[in-house]
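Structure at a glance
Listed here are the chains, written in short residue letters.
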Amino acid sequence: MRRNSGLKRLITIIAAVAALGGGYYLGNLNKDLVQAKPQSAIVFENGRPLKPFTMHTASDSEFNNEDLLGKWSFLYFGYTFCPDICPITLTQFVLITNRLSGDKELLDKSQFIMFSVDPERDSAEKLEAYMTHFHPGFIGATGSREAIDSITQDLGVYYKLHEPDENGHYPVDHTSAVMLVDPEGNLAAIYSSITDPKVAAGDFQLIANQAE
């Protein structure tokens, strides 16, 4: 009887250790899942509110903070005369929408926007034609120099207009960053640039899922 009693005690101890070990493992596994991080975006844990802004789209329609509500917004700053990074980024946007085609619910809650930092050459109508060349649902907007400076400073976006040449042409230096704004109108994440649409789309899905 004493031997059986000792055996039962040993079995009880082993079971308790196994349960604790399993709990520790599952706890760490859950911790890893919670701490999963995007590969190409920097995430703001609680989101950062955007200051009030007003831009204009074609037909002089206002585009402001309210137009960011209810959708995830990919927000980029560029200009239509940009020879390289702007068309490349907008092409990446197209590829991201293709990647999201299997997640229709999220795609329907997404919008892709470019604010021009060159309103002297980029009218709202020209922006609309430029953006819809890439995708019929893409949005282009611009505003006064004061409005542009206000939102770029708020978001830490750099740009610089150079002096025109003898033909009136001038380049514009600007950041390649893409801002991801959540459906509450808060800055949720920043992509320093988008070079791999598969990774960018996957990061977006991860961020959106973790926000639910």
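Check the entry above for the structure.
What you are looking at is a predicted structure, and each value in this text was computed from that prediction instead of being measured.

1. Points about the packing of helix H2 (residues 85-99) against helix H4 (residues 124-134)
- H4 packs onto H2 with a crossing angle of 50° between their chain directions and a minimal axis gap of 9 Å. Overall, the two elements H2 and H4 adopt an arrangement that is oblique. Residues Cys-86, Pro-87, Leu-90, Thr-91 and Val-94 of H2 lie in contact with H4, whose contacting residues are Tyr-130, Met-131 and Phe-134.
- When grouped by side-chain class, the residues that make up the contact of H2 with H4 number seven nonpolar, one polar and no charged.

2. Observations concerning the pattern of salt bridges
- A full pass over the atoms with the stated rule returns five salt bridges.
- The closest approach of N and O atoms between Arg-48 and Asp-154, which form a salt bridge, is 3.4 Å. Residue Arg-48 is found in strand S1 (residues 41-49), and its partner Asp-154 is found in helix H5 (residues 145-155); the two are separated by 106 residues along the sequence.
- Arg-48 gets classed as partly exposed once you look at its relative accessible area, which sits at 28%.
- Overall, the relative accessible area of 12% leaves Asp-154 in the buried class.

3. Description of the pairing of strand S9 (residues 178-181)
- Side chains Val-178 and Leu-180 project from S9 onto one buried face, and the interleaved Met-179 and Val-181 project onto a second face that is buried too.
- Bridging between strand S4 (residues 72-78) and S9 involves four bridges; their strand directions are antiparallel. Note on S9: the bridge partner recorded for Ser-73 is Val-181.

4. So, the side chain of Asp-154
- There is a polar contact of 3.0 Å between the side chain of Asp-154 and the backbone nitrogen of Lys-51.
- Filtering out sequence-adjacent residues up to four positions away, Asp-154 remains in contact with Arg-48, Leu-50 and Lys-51.

Calculation rules
Residues numbered from 1 in each chain as written. Predicted model: local features only at pLDDT ≥ 70, side-chain atom pairs only at ≥ 80, totals over all residues. Heavy atoms only, no water. Axes fitted to C-alpha atoms, helices over the stretch in contact; angles between N-to-C directions. Helix = DSSP H or I, 4+ residues; strand = E, 2+ residues; numbered from the N terminus. Parallel < 35°, antiparallel > 145°, perpendicular 65-115°, else oblique. Contact = heavy atoms within 4.5 Å. Nonpolar A, V, L, I, M, F, W, Y, C, P; charged D, E, K, R; others polar. Salt bridge = Lys/Arg side-chain N within 4 Å of Asp/Glu carboxyl O. Buried < 20%, exposed > 50% of the residue type's maximum accessible area, 1.4 Å probe, protein only. Pairing = 2+ DSSP bridges. Polar contact = N/O pair within 3.5 Å; in protein donor to acceptor, adjacent residues only side chain to side chain.

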